[in-house]
Amino acid sequence: GKRKRLNTSVLYDSDESEDSDILVRKVFAKRHCIMDEDESSEEQQPDKTCPTENVSTNRKQKVFAKLKELARQRVTRRSCSSENCEDSNGETEMEEEPFCHLPLTPTEDSETDSDSMKDFIVEEEEDDDDNAEHVKTENQSQQKELNTSNSELLAYYVPHLSRCDHYVHFKRIVKAFLINAIDDTFLSSLYDGTRQKKYAQDMLLSLHYLDDRFIQPRLENLISRSRWKDRYKERVDCYPDVRIILKNPKNMSCQACELNRYCKFNVLLSGKLYNSRTLETDDFMSDDKQVLKVGVVCADRTRVYHNLKHFKYKLYVDCSSVTELDGVEDEPVKDTVERLFSQLEDRGWIQKRYDDLEDYMNDADSFQEEK
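Residues numbered from 1 in each chain as written. Predicted model: local features only at pLDDT ≥ 70, side-chain atom pairs only at ≥ 80, totals over all residues. Heavy atoms only, no water.

S.K.: Whenever I open this one, the overall build of the protein chain confuses me. Can you help?
M.R.: Within the protein chain one finds 13 helices and five strands. Of all 371 residues assigned to the protein chain, the portion counted as buried reaches 29%. A fraction of 72% describes how many contacts in the protein chain between residues 6 or more apart in sequence connect residues 24 or more apart. When the accessible area of the protein chain is evaluated, it comes to approximately 24900 Å², of which 50% is carbon and sulfur surface. (Helix = DSSP H or I, 4+ residues; strand = E, 2+ residues; numbered from the N terminus. Buried < 20%, exposed > 50% of the residue type's maximum accessible area, 1.4 Å probe, protein only. Contact = heavy atoms within 4.5 Å. Areas by Shrake-Rupley, 256 points an atom, 1.4 Å probe, with all protein chains shown as cover.)

S.K.: Explain the nonpolar core here, please?
M.R.: Val174, Phe177 and Val294 are the most contacted members of the largest nonpolar core, which has 59 residues in total. Broken down by element, this core gets its largest block of residues, ten residues, from helix α8 (residues 198–224). (Core = buried A, V, L, I, M, F, W, Y, C linked by side-chain atoms within 4.5 Å.)

S.K.: Explain the environment of aspartate 237 here, please?
M.R.: With respect to the helices, strands and loops of the structure, aspartate 237 is situated in helix α9 (residues 230–238). Sequence separation between aspartate 237 and leucine 269 is 32 residues, and the spatial gap between their C-alpha atoms is 9.8 Å. Not counting chain neighbours up to four residues away, the residues in contact with aspartate 237 comprise Tyr305, Lys309 and His310. Separated by 2.8 Å, the side chains of aspartate 237 and tyrosine 305 make a polar contact. (Polar contact = N/O pair within 3.5 Å; in protein donor to acceptor, adjacent residues only side chain to side chain.)

S.K.: Honestly, the sheet that holds strand β5 (residues 290–294) in this entry has me stumped. Any pointers?
M.R.: Pairing between sheet strands relies on hydrogen bonds along the backbone, with the strands arranged either parallel or antiparallel. Strand order in the open sheet formed by three strands is β1-β2-β5, with antiparallel pairing between adjacent strands. Edge positions in the open sheet fall to β1 (241–253) and β5, since each of these has one partner strand only. Neighbour-to-neighbour, the strand axes of this sheet turn through a mean angle of 25°, independent of strand direction. Contacts between α9 and the sheet are confined to β2 (260–270) and β5, with β5 contributing the most and set at about 130° to the helix. (Pairing = 2+ DSSP bridges. Axes fitted to C-alpha atoms, helices over the stretch in contact; angles between N-to-C directions.)

S.K.: Could you clarify how one ought to interpret the environment of valine 267 in this entry?
M.R.: Mapped onto the elements of the fold, valine 267 is located in strand β2. Overall, valine 267 belongs to the buried group, its relative accessible area being 0%. Once you skip the residues sitting within four places of it in the chain, valine 267 turns out to touch Tyr232, Val242, Arg243, Ile244, Gln290, Val291, Leu292, Val294 and Thr302.

S.K.: Before we go on, may I ask you to explain the packing of aromatic side chains in this structure?
M.R.: When we look at a pair of aromatic rings, we describe it by the centre distance and by the angle of the planes. In the structure shown here, the tally under the stated rule is nine aromatic pairs. Arranged with centres 5.6 Å apart and planes meeting at 75°, the rings of tryptophan 228 and tyrosine 305 form a pair that is edge-to-face. Highlighted residues: tryptophan 228 in the loop between α8 and α9 and tyrosine 305 in helix α10 (residues 296–309), separated in sequence by 77 residues. Exposure class is identical for tryptophan 228 and tyrosine 305. Each is buried. Pairing tyrosine 274 with tyrosine 313 gives two aromatic rings, centres 4.1 Å apart and planes at 10°, and the pair type is stacked. (Phe/Tyr/Trp six-rings, centres within 6.5 Å; stacked < 30°, edge-to-face > 60°.)

Rendered as structure tokens:
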């Protein structure tokens, strides 16, 4: 009874009311919604599948069309670099969709695509080779310019590090020592800048080269790799003469590194203290001596270090002895130096001293660390 009464009221209202059209639409709309809810299990599944199938087929058709256009462009415009870029973009699009889903025919598309791909890859390799060679030449030119600029800067700001044959430097040093042995103010005038002539500046350059390039770096290397105490190093630096004597071994603290060692060498240090530039000696405590007992490694290191440290002073002492034995008087200094220098060179004396220096440097370079 209720259903009929409700239905008749709805029909009555829909027939006689002024808004009958609107009410009828509402009723039909409600009925349509109810039917959708009731039949959702049967009708919704086909509605969902149909659009996706259409989308996938459309997408395949679009990709297929693009592939055909891409192959055509590769065949006709193989040399154009801009179209090579388009080919690369096309390849990325091709990679997004697997080839197994595309209905390609081998006669029409795959052969042209493979041929075009071969040509495309060759062009890329050639471009890479050209770019690599171009970059290599640019790097070489930049490195060459950098090396030249660095060498020019070194020669300008650090003039005593300029390039020259080592033996030429050594001969200049011998000549400077011969001059100073006759005129003992020559070296001091070189270092204080009094002498500005070219020969004097060349001698000063060679002296700096001997100190800064030959001797000092190797001395610092020997010290940095040792366990020597500062007190022992200062003693070795101050005394120009050394004797290393084998004695009875004794298990004790080494007086060089202060470590417990099997010490069997006595290091005897003596000689006058001298100025490292002008080579002038100091007579204060000239007869002082030091005797220190050291181990095997410290004794060997002392020998190598002392030979380099005092090589310049020993060379000057030898040059002074040569001038003292000359005996020629009333001769200009320049003539005396040239005559003595030529005699020493003819006898091989200069070459022998230079060989000694090279041996000392090699000993320092090959010296092993303490274990």
